[in-house]
Amino acid sequence: MRIDIITVLPELMKSPFEASILQRAITKGHVEVHFHNLRDYASNAYKTVDDYQFGGGAGMVMMIEPIDKCISDLKSERDYDEIIYMTPDGETLKQGIANELSLKDNIIILCGHYKGVDQRVRDMFVTREISIGDYVLSGGELGAAVLCDAVIRLIPGVLNDETSALTDSFQDNLLAPPVYTRPAEYKGAKVPDILLSGNFAKIEKWREDQAFERTKLRRPDLLDE
Ligand code: ADE
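Engineer: It is not clear to me how the pattern of salt bridges should be interpreted in this structure. Could you clarify?
Structural biologist: It is possible for side chains of opposite charge to pair when their charged atoms get near one another. Counted by the stated rule, this structure contains 13 salt bridges. In this structure, Lys-69 and Glu-65 form a salt bridge, with 3.5 Å as the shortest nitrogen-oxygen distance. Here the residue Lys-69 and the residue Glu-65 both occupy positions in helix α3 (residues 64-77), the gap between them amounting to four residues, near one helical turn. On the basis of relative accessibility, which here comes to 40%, the residue Glu-65 falls in the partly exposed class. Between Glu-213 and Lys-216 there is a salt bridge, and its shortest N-O distance comes to 3.8 Å. Highlighted residues: Glu-213 and Lys-216, both in helix α8 (residues 200-218), separated by three residues, approximately one helical turn. The class of Lys-216 is partly exposed, set by a relative accessible area of 43%. Shared partners join several salt bridges into a network, and the residues in it are Glu-82, Glu-91, Glu-100 and Arg-128.

Engineer: Can you help me understand a nonpolar patch on the surface in this one?
Structural biologist: Together, Leu-12, Tyr-135, Leu-137 and Leu-142 line one region of the surface with nonpolar side chains, adding up to about 360 Å² of accessible area. Along the chain, the position of Leu-137 falls in the loop between β7 (128-131) and α6 (141-152).

Engineer: Would you take a moment to explain the site of the ligand for this structure?
Structural biologist: By nearness alone, every residue bordering the ligand is listed as Met-86, Thr-87, Pro-88, Ile-130, Ser-131, Ile-132, Gly-133, Tyr-135, Val-136, Leu-137, Gly-139 and Gly-140. Note that a nitrogen atom of the ligand is positioned 3.3 Å from one of the backbone N or O atoms of Thr-87. Gly-133 is positioned with one of its backbone polar atoms (N or O) 3.1 Å from a nitrogen atom of the ligand. In isolation the ligand offers 260 Å² of accessible surface; the protein chains occlude 96% of this area. For the shell around the ligand, the secondary-structure elements that each account for two or more residues are β5 (82-92) and β7. Sort the elements by how many residues they give to the shell around the ligand and β5 lands first, with three residues. A per-class count over the shell around the ligand returns seven nonpolar, five polar and no charged.

Calculation rules
Residues numbered from 1 in each chain as written. Predicted model: local features only at pLDDT ≥ 70, side-chain atom pairs only at ≥ 80, totals over all residues. Heavy atoms only, no water. Salt bridge = Lys/Arg side-chain N within 4 Å of Asp/Glu carboxyl O. Helix = DSSP H or I, 4+ residues; strand = E, 2+ residues; numbered from the N terminus. Buried < 20%, exposed > 50% of the residue type's maximum accessible area, 1.4 Å probe, protein only. Patch = residues over 30% accessible without salt bridge, like charges linked within 9 Å, V, L, I, M, F, W, Y side chains within 5 Å. Areas by Shrake-Rupley, 256 points an atom, 1.4 Å probe, with all protein chains shown as cover. Near = heavy atom within 4 Å. Polar contact = N/O pair within 3.5 Å; in protein donor to acceptor, adjacent residues only side chain to side chain. Nonpolar A, V, L, I, M, F, W, Y, C, P; charged D, E, K, R; others polar.

In structure tokens form, the structure reads like this:
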């Protein structure tokens, strides 16, 4: 898989890709992540990528031309499955979207800033708009990093058995059950006996029950989906 990220702040985005699972996914060749600084596509000497909004109002708007040039450059090299725009008014990121995107070959992620991009960018180039939640970030970069993390860990081969994504929360619309490790007792707090029993059928049943109870208590909305 290849991910091209278009941003005015590449330096804000790089560190999540330089550690842990994402770094390993890149090193092992499961994914390529390329950053494109939108200012490199600006046409004037000041590298301007934003301008005042027509009709007046506070806040700058990202101009269409540099974005068009950058996307056209990328599209001239390969076909893209999705051109995603990170925006608080997009569809809310869910595990299902991450699962779906993890199967794509090439995607572009466009990070918005200021008041967002000229609507014509969305109309002409963007195929999907994603929000990471109902709050406003200063730009799409952190949202894009969250999206990339959620997607990349699902690419086949990125996680090994121990970190398998199959038992994650949300994977079957259930939250994950509680987990424990040594010691079996800490300051009087004991690990549930069942987990020490060695009876794997019973342990599995206990985990399913716990996952269901936890979901019913914390996120009953998931059970209706
Ligand atoms: N840009 C600003 N806020 C955002 C959000 N909640 N999700 C994605 N991109 C954003």
